[in-house]
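Below, each chain spelled out in residue letters.
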Amino acid sequence: MSTTLQKADHRATLGGPAPTAPRRRPTSQQWAAWAFLTPVTLYLVLFYAYPLYRNLDLSLRHYTVRSFVQGDAPFTGLANYRTVLDDPTFAPALLHTVVFTAVCLVFQYALGLALAVFFNQHFRLSATLRALFLVPWLLPLIVSASTWSWMLNSESGVVNALLSAVGIDPVHWLTSPDWSLASVIIANIWIGVPFNLVVLYSGLQSIPTSLHEAAAIDGANAWQRFWRITFPLLRPVSAITLLLGLVYTLKVFDIIWIMTKGGPADSSTTFATWSYQLGFGNLVPAFGPGAAVGNLLVVAALVFGLIYVRVQRKQALS
């Protein structure tokens, strides 16, 4: 035994390989960590990674109904993307997507912030009214869209009835190319305001009241206190609110499809409805181009997500 130890010491002295240490077995805490990570990993792989992979595969192959079932679609590269870019529907759908997303984000954030500041005053019935404002957010989208379709109906809608009562001619909200996009924008703003209200109200609760009291003592009025204290301190919450609203608004499908189906004459078609119409709305489905349009939405959301991460990183370093 002593001879073996002497040989090991001699090899270590000469620079030879030292004897390897025995492997450590995972501890109970490590096993517990793996047990918690496994369901999350499986969920992400099954419901995020795999669908994204399948959508990318659909956009790079020429799928028909037969090849979609049998799985022998030929590889076509970027041909589906070229088909989408050359389609006359691409430019109007892109414009409608940008307008729909931008207008909804601006009004949802502005109205949500105004309501959050209003309810932050903690007056009587504040909690009750706040709960009532959550109703549009809690309703199923099919119920909300159907309600707005009834309200904006050209013949029997309550909105046109109110307009007629004040002497204004009825508006063809859902059947006119001039008003269809505005109609779905109004409905989506109504649905999205409660989310902005809840998140921004939570952000306002984290701002110390002592800052406002000190500013009031220094002579700052309500607008100056909001613009110089509330709004800057609310910037991180505002950023994540706008990002989540952007990702949600880009993929809005239910409201538009139920109210106008992207029409009339594609006047309210966005990338979300166009992708569905290509893949499932025709007798001869175009799975590849439909998947390509869907991937354009994914890329747009990813770009804005990366911009958000970059901005947050710069703010953390500054």
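Residues numbered from 1 in each chain as written. Predicted model: local features only at pLDDT ≥ 70, side-chain atom pairs only at ≥ 80, totals over all residues. Heavy atoms only, no water.

Let us look at a nonpolar patch on the surface. A cluster of nonpolar side chains, Leu125, Leu129, Leu132, Phe133, Val135, Leu139, Ile142, Val143, Trp190 and Ile258, forms an exposed patch at the surface whose accessible area comes to about 820 Å². Put simply, the parts of the chain that give the nonpolar patch at least two residues each are helix H6 (126-133) and helix H8 (141-151). Of the residues forming the nonpolar patch, the biggest block, 3 residues, is contributed by H6. Locating Val143 in the fold gives a position in helix H8. (Patch = residues over 30% accessible without salt bridge, like charges linked within 9 Å, V, L, I, M, F, W, Y side chains within 5 Å. Areas by Shrake-Rupley, 256 points an atom, 1.4 Å probe, with all protein chains shown as cover. Salt bridge = Lys/Arg side-chain N within 4 Å of Asp/Glu carboxyl O. Helix = DSSP H or I, 4+ residues; strand = E, 2+ residues; numbered from the N terminus.)

Using the criterion set out here, one finds 3 salt bridges in the structure. Close ionic contact of Arg54 with Asp57 constitutes a salt bridge, the shortest N to O distance being 3.4 Å. Of this pair, Arg54 and Asp57 both sit in helix H2 (residues 28-59), 3 residues apart, roughly one helical turn. Under the relative-accessibility criterion, Arg54 is labelled partly exposed at 25%. Between Asp57 and Arg61 there is a salt bridge; the shortest N-O distance is 2.7 Å. (Buried < 20%, exposed > 50% of the residue type's maximum accessible area, 1.4 Å probe, protein only.)

The subject of this paragraph is the nonpolar core. Among the nonpolar cores identified, the biggest contains 33 residues, and Phe100, Leu152, Trp173, Ile255 and Met259 are the most heavily contacted of them. The set of elements that each furnish at least two residues to this core consists of helix H5 (90-119), H8, helix H9 (158-165), helix H10 (180-205) and helix H14 (254-259). The leading source of residues in this core is H10, at 11 residues. Apart from residues lying up to four places away in sequence, Leu152 is in contact with Val159, Trp173, Leu174, Ser183 and Met259. If you look at the next biggest cluster of nonpolar residues, it comprises 14 residues, including Leu246, Leu250, Leu278 and Val293. (Core = buried A, V, L, I, M, F, W, Y, C linked by side-chain atoms within 4.5 Å. Contact = heavy atoms within 4.5 Å.)

With that out of the way, let us pick up the packing of H2 against helix H16 (residues 287-317). Close contact between H2 and H16 brings their axes to 7 Å; oriented N to C, the two are set at 130°. The angle between H2 and H16 falls in the class oblique. As for how H2 packs across H16, the hand of that crossing is left-handed. Of the residues in H16, those in contact with Leu52, Asn55, Leu56, Leu58 and Ser59 of H2 are Phe287, Gly288, Ala291, Ala292, Gly294, Asn295 and Val298. Taken together, the residues of the contact of H2 with H16 break down into 7 nonpolar, 5 polar and no charged. (Axes fitted to C-alpha atoms, helices over the stretch in contact; angles between N-to-C directions. Parallel < 35°, antiparallel > 145°, perpendicular 65-115°, else oblique. Left-handed = near helix turned anticlockwise from the far one by under 90°. Nonpolar A, V, L, I, M, F, W, Y, C, P; charged D, E, K, R; others polar.)

Counting through the fold element by element, Thr269 comes out in the loop between H14 and helix H15 (271-280). Under the relative-accessibility criterion, Thr269 is labelled buried at 1%. One polar contact links the side chain of Thr269 to the main-chain carbonyl oxygen of Gly262, over a distance of 2.8 Å. Once you skip the residues sitting within four places of it in the chain, Thr269 turns out to touch Thr89, Pro92, Ala93, His96, Gly262 and Trp274. (Polar contact = N/O pair within 3.5 Å; in protein donor to acceptor, adjacent residues only side chain to side chain.)

Its 31 residues place the ends of H16 45 Å apart at the C-alpha level, agreeing with the 45 Å of an ideal helix rising 1.5 Å per residue. Listed as buried for H16 are Phe287, Gly288, Pro289, Gly290, Ala291, Ala292, Val293, Gly294, Asn295, Leu297, Gly305 and Tyr308. Summarising the contacts, the buried residues of H16 are in contact with H2, helix H3 (65-70), helix H4 (79-86), helix H13 (235-250) and H15. (Expected span 1.5 Å × (residues − 1).)

It is generally the case that most residues other than glycine have a negative phi and that most peptide bonds are trans. For the bond from Gly263 to Pro264, the omega torsion is -5°, close enough to zero to count as cis. Notably, Lys261 is not glycine yet its phi reads approximately 55°, a positive angle.

This part is about the packing of H5 against H13. Orientation of H5 relative to H13, taken along the N-to-C sense of each, is 145°, at an axis distance of 10 Å. With respect to the hand of their crossing, H5 and H13 are arranged in right-handed fashion. Within the contact between the two elements, H5 uses Thr97, Phe100, Thr101, Cys104, Leu105, Gln108 and Tyr109 and H13 uses Ser238, Leu242, Gly245, Leu246, Thr249 and Leu250. Tallied by class, residues from the contact of H5 with H13 come to 7 nonpolar, 6 polar and no charged.

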